[in-house]
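Now for the letters of each chain:
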Amino acid sequence: MNMKIYLATGNLNKKREVQELFPEHQIVIPKDEGIQFDPEETGTTFYENSLIKAKALWEIVHCPVLADDSGICVEALGGAPGIYSSRYAGPEFMQGKPDGSKISQDEQNRFLIQQTNEAVKNGSSCGRKAHYTCAMVLYMGGDRLFVVQETMEGEIIEDISLARGTGGFGYDPIFLLPDRGKTGAELTAEQKNAISHRGKASRLIKQIAGEVL
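Notes on the structure follow. (Residues numbered from 1 in each chain as written. Predicted model: local features only at pLDDT ≥ 70, side-chain atom pairs only at ≥ 80, totals over all residues. Heavy atoms only, no water.)

For the rest of this paragraph, the subject is the environment of Pro178. Topologically, Pro178 is positioned in the loop between strand 7 (175-177) and strand 8 (182-183). The spacing of Pro178 and Cys134 is 44 residues in sequence and 20 Å in space, taken between C-alpha atoms. If we skip the residues at most four places from it in the chain, Pro178 touches Gly154 and Glu155. (Helix = DSSP H or I, 4+ residues; strand = E, 2+ residues; numbered from the N terminus. Contact = heavy atoms within 4.5 Å.)

Moving on, we come to the pairing of strand 5 (residues 129-141). By the criterion of burial, strand 5 is predominantly enclosed, with twelve of the 13 residues buried. Both strand 3 (residues 65-74) and strand 5 contribute to a ladder of ten bridges, which runs antiparallel. Within the sheet, the bridge partner assigned to Gly71 lies in strand 5 and is Thr133. Bridge count between strand 5 and strand 6 (residues 144-156): twelve bridges; the pairing is antiparallel. Within strand 6, the residue paired with Ala130 across the bridge is Gly154. The antiparallel hairpin formed by strand 5 and strand 6 contains two residues in its connecting segment, where Gly142 sits at a positive phi of about 60 degrees. (Buried < 20%, exposed > 50% of the residue type's maximum accessible area, 1.4 Å probe, protein only. Pairing = 2+ DSSP bridges.)

Ranked by size, the top nonpolar core spans 21 residues in total, and within it Ile72, Leu112, Ile156, Tyr171, Ile174 and Phe175 carry the most contacts. For this core, the elements supplying multiple residues, two or more each, are strand 3, helix 3 (105-121), strand 5, strand 6 and strand 7. When near neighbours in sequence (up to four residues on either side) are disregarded, Leu112 contacts Ile72, Val74, Leu77, Pro81, Tyr88, Ile156, Tyr171 and Ile174. Val18, Phe22, Ile29 and Val212 belong to the second-largest nonpolar core, a separate cluster that totals 20 residues. (Core = buried A, V, L, I, M, F, W, Y, C linked by side-chain atoms within 4.5 Å.)

Written out as structure tokens, the structure is:
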């Protein structure tokens, strides 16, 4: 069954990944149809933020909405930047700058490596361990929704000079998968979708919501 599913994001990279994970459906993001969409993410967890986005878009389109909130969590930093991954601006602005401006991804990567190194130097027992988290919601309106949350485990590289790969997006070039000897950005789309937080969450959503998808 082919279905039009709205994806609650403005991120073209995320749209590409989700379309690869749901090839039998048409994935549409708000900007594809000129919809202004920028809900305030006031949740304190990945799940809360994904539900906020899903409900907000459903109120506009009244069609099935897929939303996810994801980010990178460094164990030595107490799980930061976590839900603030896209807004993270270094140790002074862990939850983003007050004016809402963002720094470049390269700067984010450098700051995160530096903070991880400092935590390890100060004796963190977590080492360089990190994981991506993805909370995904398929919202069908009213009280009808499906939710899953998954992770992809890895670690933060030791120096920005070790960043590798041109695939993926976000923190992928500095996120090392030790068992594969590759960063997230060195994986092919197929390889990444097989093990990623978003890939695993998407497959679970498909299984759970099989009758409607």
